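Breakdown of the fold
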Amino acid sequence: MAEDHMRYDILTQEALRGVVRKVLAEVAKTGLPGEHHFFISFVTRAPGVRLSEKLLGQYDKEMTIVIQNQYWDLKVSETGFEVGLSFDGIPETLVIPFSAVKGFFDPSVQFGMQFDPATAPGAAVAEAKADASLESTATSGGNEDSAEKPGEKVVSLDSFRKKP
């Protein structure tokens, strides 16, 4: 088979991230229409992700948020989004780059997409930073087995789908 010099896999992922960007931008302007709401999974330690130390402690590798009834200050840029959510009654502001998003699902219409953060623009830089972070954890006595290997986990959105 010929080598893919065009990198269609990366182009496709970027285009699909554009769908998430456009949907969230529209919701930021006009609110959620009808029964639409979103489950968004993301890598919590990806470059550019900002969340409290408390949440980072609870969700060390990955987190799924729900944009439905109680969210505020949704702001969308070319590279990511910011949203206010409440966790155990405590308001938090999350900043999530699109490159960190692993999954997007709208159960109201059974529409979902999965992403590979490794194919996101700047993933090589992110991977180098993650490797450096893992090395420092290993040398400081951290648990090496807890480090997630690339491609180790596949997030299935089937559990969010309505059952017939």
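Now for a look at the structure at hand. This one's a predicted model, so the numbers in the text were calculated from it and none came from an experiment.

Cut-off values and rules
Residues numbered from 1 in each chain as written. Predicted model: local features only at pLDDT ≥ 70, side-chain atom pairs only at ≥ 80, totals over all residues. Heavy atoms only, no water. Helix = DSSP H or I, 4+ residues; strand = E, 2+ residues; numbered from the N terminus. Buried < 20%, exposed > 50% of the residue type's maximum accessible area, 1.4 Å probe, protein only. Contact = heavy atoms within 4.5 Å. Core = buried A, V, L, I, M, F, W, Y, C linked by side-chain atoms within 4.5 Å. Pairing = 2+ DSSP bridges. Axes fitted to C-alpha atoms, helices over the stretch in contact; angles between N-to-C directions. Salt bridge = Lys/Arg side-chain N within 4 Å of Asp/Glu carboxyl O. Polar contact = N/O pair within 3.5 Å; in protein donor to acceptor, adjacent residues only side chain to side chain.

1. Examining the overall build of the protein chain
- When its secondary structure is counted, the protein chain shows three helices and seven strands.
- Tracing the protein chain from N to C terminus, the helices and strands come up as α-β-α-β-β-β-β-β-β-α.
- A buried classification covers 32% of the 164 residues belonging to the protein chain.
- A separation of at least 24 residues holds for 56% of the contacts in the protein chain among residues at least 6 apart in sequence.

2. Quick look at the nonpolar core
- Core analysis: the largest hydrophobic core is formed by 26 residues, its most contacted members being I40, F42, M63, I65, F81, V83 and L94.
- Among the secondary structure elements, those contributing two or more residues to this core are α1 (8-30), β1 (38-43), β2 (62-67), β4 (80-87), β5 (90-97) and β6 (101-106).
- The greatest single-element share of this core, amounting to four residues, is contributed by β4.
- Leave out the neighbours within four places in its chain, and M63 touches I40, S41, F42, T44, L51, L55, F87 and L94.

3. Quick word on the sheet that holds strand β3 (residues 71-76)
- Overall, antiparallel pairing links the three strands, which are arranged β3-β4-β5 in an open sheet. Taken across any chain shown, the strands that pair with only one partner, and hence form the sheet edges, are β3 and β5. Each neighbouring strand pair of the sheet contributes to a mean axis angle of 15°, computed without reference to strand direction.
- Sheet strands in contact with α1 are β3 and β4, and its direction is about 125° off that of β3.

4. Focus: the pattern of salt bridges
- One pass over the structure, following the stated rule, counts five salt bridges.
- Here R7 makes a salt bridge to D9, at a shortest N to O gap of 2.7 Å.
- By relative accessible area, D9 is classed as partly exposed at 35%.
- Residue K54 pairs with D88 through a salt bridge whose shortest N-O separation is 4.0 Å. Here the residue K54 occupies a position in helix α2 (residues 53-58), and D88 occupies one in the loop between β4 and β5, the gap between them amounting to 34 residues.
- In this structure K54 comes out as partly exposed when scored by relative accessible area, which is 41%.

5. Structural notes on the side chain of H37
- Here H37 lies in the loop between α1 and β1.
- Here H37 falls in the buried class, since its relative accessible area comes to 13%.
- At a separation of 2.9 Å, a polar atom in the side chain of H37 contacts the main-chain carbonyl oxygen of E35.
- Here H37 is in contact with L32, I67, Q68, F105, D106, P107 and S108, once residues within four sequence places are set aside.

6. Some remarks on the sheet that holds β1
- Ordered by their spatial adjacency, four strands build an open sheet running β2-β1-β6-β7, and the pairing between neighbours is antiparallel. The sheet terminates laterally at β2 and β7 (111-114), the two strands that pair on one side only. Neighbour-to-neighbour, the strand axes of the sheet open up by a mean angle of 10°, direction not taken into account.
- As defined by bridge partners, β6 adjoins β7 across four bridges and the pair is classed as antiparallel.

7. Some details on the environment of G112
- Locating G112 in the fold gives a position in strand β7.
- Taking the C-alpha atoms as reference points, G112 and I40, separated by 72 residues in sequence, lie 9.7 Å from one another.

8. Digging into the environment of G48
- In this structure, G48 sits in the loop between β1 and α2.
- The spacing of G48 and P97 is 49 residues in sequence and 6.1 Å in space, taken between C-alpha atoms.
- If we ignore the near neighbours within four places in the chain, the residues touching G48 are V95 and P97.

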